[in-house]
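Topology and contacts: notes
Now for the letters of each chain:
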Amino acid sequence: MLTPRPSSSREYQRLDGLWRFRFDPFAEGEATGWWAGPLAGGREMPVPASYNDLVTEPGERDYVGDVWYQRDAWVPGSWAGRRVVLRCDAATHHGTVWANTERVADHAGGYVPFEADITDLVEFGQPLRVTIRVGNELTMETIPPGVITEHADGRRTQRWFHDFYNYAGLHRSVWLYCTPPSYLDAVTVRTGFDPASGRGLVRYQAEVVNAGAGAQETQAPTSAVLRAADGAELARTTGLTGELPVPSARPWHPGDPYLYQLDLAHGEDRYSLPVGVRTVAVAGDRLLLNGQPVQLRGFGMHEDGALRGKGHDDARLVRDFALLEWIGANSFRTSHYPYAEEVLDYADRQGLLVIGETPAVGLHLSLGHMGDPGARTFAPDRIGPAAAAAHRAAITELIARDRNHPCVIAWSIANEPDTAEQAARPYFAPLVAATRELDPTRPVCFANVATAPPAADVVTDLFDLICVNRYYGWYASPGDLAAAEQDLTDELQAWARYGKPIIITEFGADALAGLHALPATMWSEEYQVALIAAALRVFDRVPEVIGAHVWNFADFATAEAVHRPGGNHKGVFTRDRQPKAAAWLLRERWRPPAG
Ligand code: GCB
């Protein structure tokens, strides 16, 4: 599957806008044929957006079950003879698609695209009715997991084990597009760079589908041309795989995110993608980008905002990246799921280093206020073989989608699983191996939870980077920053014995914007400043620490809970993207004024 990019052989329609919309509380839509004709009810919902914050009834905001979206599109007459594809960038968490009256796709996993070839179902120059059923149910077999309770009065409620609101809907664009009948189906690009000689290399591997199946003589030729950003041709070759040398390469890095362009051709099909020439490697306790040690400064983030929820929004994207630049960040983690492809494309262009994360969050059924004390996690009737299969699929789809982005420097395959349980090791070992096999070019990591410190954790040796989420001064030793500073130092020194790079993938404190306290007390902006400052002092003392990601970039929505006043307030920016005091501290640290 290739990211939609226009070319001389491909045309795209983004089916964004208002769609007909209907809740399906009795799960009757499929059997009674809601896909078979215009969706009744007269209600409409925007795409992309979560529906949850656009409704006014509590039962609708927290609704558990399927909803239906539908709209009419038009298949241009000029597309006759081409292959027509319907693509959905994200249906959270489960999507089923009908093209007119045919069911064409069914996909689990709320944050990656899926598509269906509908060529044989469409009439060129005629309307096409697109119907998508979207389910938000989380179970012990889904990633992330959840539990649904059926109440005596017929209500259904859902809980989950992660700390962000379970937004649902069509969160990203839906596309109708065409390609020639023989087409490029997938491409993998890997790059090399030798800092000593300045030589770079672009390797590609294309997967193609030929109309008229199989017969050697129908194979269309495949070729590749590498161009500089100004379009000048640098190298060309032919074949499904190939190598394109770049004698004096301009390596991609945050200070100069230079992008080459790779033009692929297969028969009549044309597809171009941006390529950053860069290498990532772990050497001892260093993370190397193009052979140079790199230090990560930034945030764990969320796709989250008022009204749209998790719906992708270019305006929010541009504001977020402007703030990242303003504050001097060079990186972020796509906590806790793959972000929209638009985000990664922009990170490639803006030069942000990204840790790409799967939606495997909440694999810790006894954690904090979200879990049940003492509950086991990795067991056949809990997070067992079905969840592991869904987890593997999530890793596979994430890597298939994002492997060509220079900005992605590591794969985080889970956030805060219960890795103090012995059973976590047989659960994770095959997933780490699968990740490495799918992409041997990037370090693999996961974000470790406070309940699995070095003495208890059973999986860290399997991974390349040590990523830890720590809340000393907040959940541990609340209000006591002296104890926090000491305990954090001690724990990081213990992790340092692995001799691997350490990234603090989360640390921080909630601060209610506008709440002030002198001396600093919890929930005030001053306390957030003091905690972050103390943590940064500790990181400076532990040489193995090669990265610090504050939790969180901005305040975000969560499930309702006594200690979540209107959501999680660990943002250094408010939910509407204005700075709290901590933002100024970080800017001073990360982007000291010149001179
Ligand atoms: C964590 C989680 C993150 C939460 C955060 C918090 O460890 O990884 O999803 O939002 O703590 O604020 O509690």
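Computed from a predicted structure; not experimentally measured.

Spacing of three or four residues puts side chains on the same side of an α-helix, whose turn is 3.6 residues. Taken residue by residue, helix α8 (residues 581-590) has Ala582, Ala583, Leu585, Leu586 and Trp590 as its buried positions. End-on, the buried residues of α8 take up no more than an arc of 160°, which puts them together on one face. Packed against the buried residues of α8 are β25 (296-300), α2 (314-327), α7 (525-541) and β32 (545-551).

On to the domain arrangement of the chain. Looking at the chain, the domain boundaries give domain 1 (17-172), domain 2 (183-275) and domain 3 (282-590). Put simply, the middle of domain 1 and the middle of domain 3, counted by C-alpha atoms, are 30 Å apart. Between domain 1 and domain 3 the total buried area reaches about 3,000 Å² when both faces are included, carbon and sulfur atoms providing 60% of it. Contact with domain 3 buries surface across domain 1, with Ile143, Asp163 and Phe164 losing the most and accounting together for 23% of the total. In this structure, Asp372 and Arg159 form a salt bridge, with 3.2 Å as the shortest nitrogen-oxygen distance. At the surface where domain 1 touches domain 3, the tally comes to 13 residue pairs in polar contact (both at pLDDT 80 or more). If you list the elements that add at least two residues to the side of domain 1 that touches domain 3, you get β8 (102-108) and β12 (156-160). Tallied by class, residues from the side of domain 1 that touches domain 3 come to 16 nonpolar, 4 polar and 8 charged.

For side chains of opposite charge, pairing can occur when their charged atoms come near one another. Throughout the structure, instances matching the rule amount to 41 salt bridges. Of the charged contacts, one joins Arg14 and Glu342 as a salt bridge, the two residues approaching to 3.3 Å between their closest N and O atoms. Of this pair, Arg14 sits in strand β1 (residues 11-14) while Glu342 sits in helix α3 (residues 341-350); the two residues are 328 residues apart in sequence, bridging distant segments of the chain. For Arg14, a relative accessible area of 43% corresponds to the partly exposed category. The salt bridge partner of Arg20 is Asp72, with a shortest N-O separation of 3.4 Å. Here Arg20, found in strand β2 (residues 17-24), pairs with Asp72, found in strand β4 (residues 66-75); they are 52 residues apart in sequence, far enough to count as distant. When salt bridges with common partners are traced through the structure, they connect Glu30, Asp66, Arg103, Asp106 and Arg133 into a single cluster.

It is worth spelling out the nonpolar core at this point. In terms of nonpolar packing, the biggest core is built from 104 residues, with Phe299, Phe332, Phe428, Leu492, Phe539 and Val572 touching the most fellow members. The greatest single-element share of this core, amounting to 8 residues, is contributed by α7. When residues are assigned to domains, this core turns out to be shared by domain 1 (17-172) and domain 3 (282-590), each giving three or more. Apart from residues no more than four positions distant in its own chain, Leu492 is found in contact with Val468, Ile502, Ile504, Val538, Phe539, Val542 and Val545. Core analysis: the second largest hydrophobic core is formed by 34 residues, Met45, Tyr51, Val130 and Leu170 among them.

Okay, the sheet that holds strand β19 (residues 241-246) next. Spatially, β15-β16-β19 is the arrangement adopted by the 3 strands of the open sheet, whose pairing is antiparallel. Edge positions in the open sheet fall to β15 (183-194) and β19, since each of these has one partner strand only. Ignoring strand direction, the axes of neighbouring strands in this sheet form an average angle of 20°. Relative to β19, strand β16 (residues 199-209) runs antiparallel, the two being bridged by 6 bridges. Directly across from Arg203, in β19, lies its bridge partner Glu243.

With that settled, consider the site of the ligand. Contacts to the ligand come from 13 residues, most closely from Asp163, His336, Glu416, Tyr475 and Lys570. Between the ligand and Tyr471, the relevant distance is 3.5 Å, taken from an oxygen atom to a side-chain nitrogen or oxygen of the residue. Separating an oxygen atom of the ligand from a side-chain N or O atom of Tyr475 is a distance of 2.4 Å. Burial of the ligand by the protein amounts to 92% of the accessible area it has alone, namely 320 Å². Cavity membership is defined here by more than half of the atoms lying within 2 Å of grid points; on that basis the ligand lies in the second largest pocket.

Moving on: the layout of surface pockets. When its volume is computed, the largest pocket comes out at roughly 680 Å³. If you trace the largest pocket, you find 29 residues lining it, with Asp62, Val64, Arg156, Thr157 and Gln158 closest to the centre. Sort the elements by how many residues they give to the lining of the largest pocket and β12 lands first, with 5 residues. Residue composition of the lining of the largest pocket, grouped by class: 11 nonpolar, 10 polar and 8 charged. Two domains each provide a minimum of three residues to the lining of the largest pocket, namely domain 1 (17-172) and domain 3 (282-590). What the second largest pocket holds in volume is close to 530 Å³. Forming the walls of the second largest pocket are 33 residues, and the residues nearest its centre are Leu367, Met370, Glu416, Tyr471 and Tyr475. Residues that form the lining of the second largest pocket fall into these classes: 14 nonpolar, 12 polar and 7 charged.

Reading the values: rules and limits
Residues numbered from 1 in each chain as written. Predicted model: local features only at pLDDT ≥ 70, side-chain atom pairs only at ≥ 80, totals over all residues. Heavy atoms only, no water. Buried < 20%, exposed > 50% of the residue type's maximum accessible area, 1.4 Å probe, protein only. Helix = DSSP H or I, 4+ residues; strand = E, 2+ residues; numbered from the N terminus. Arc of directions from axis to C-beta. Contact = heavy atoms within 4.5 Å. Domains from an automatic or database assignment. Buried area = accessible area lost by both parts, 1.4 Å probe. Salt bridge = Lys/Arg side-chain N within 4 Å of Asp/Glu carboxyl O. Polar contact = N/O pair within 3.5 Å; in protein donor to acceptor, adjacent residues only side chain to side chain. Nonpolar A, V, L, I, M, F, W, Y, C, P; charged D, E, K, R; others polar. Core = buried A, V, L, I, M, F, W, Y, C linked by side-chain atoms within 4.5 Å. Pairing = 2+ DSSP bridges. Axes fitted to C-alpha atoms, helices over the stretch in contact; angles between N-to-C directions. Near = heavy atom within 4 Å. Areas by Shrake-Rupley, 256 points an atom, 1.4 Å probe, with all protein chains shown as cover. 1 Å grid on protein atoms, 1.4 Å probe; cavity = no way out; pocket = protein on both sides within 12 Å on 5 of 7 lines; lining within 4 Å. Sits in = over half its atoms within 2 Å of the grid points. Points joined across faces, edges and corners; volume = space filled by probe spheres on them.

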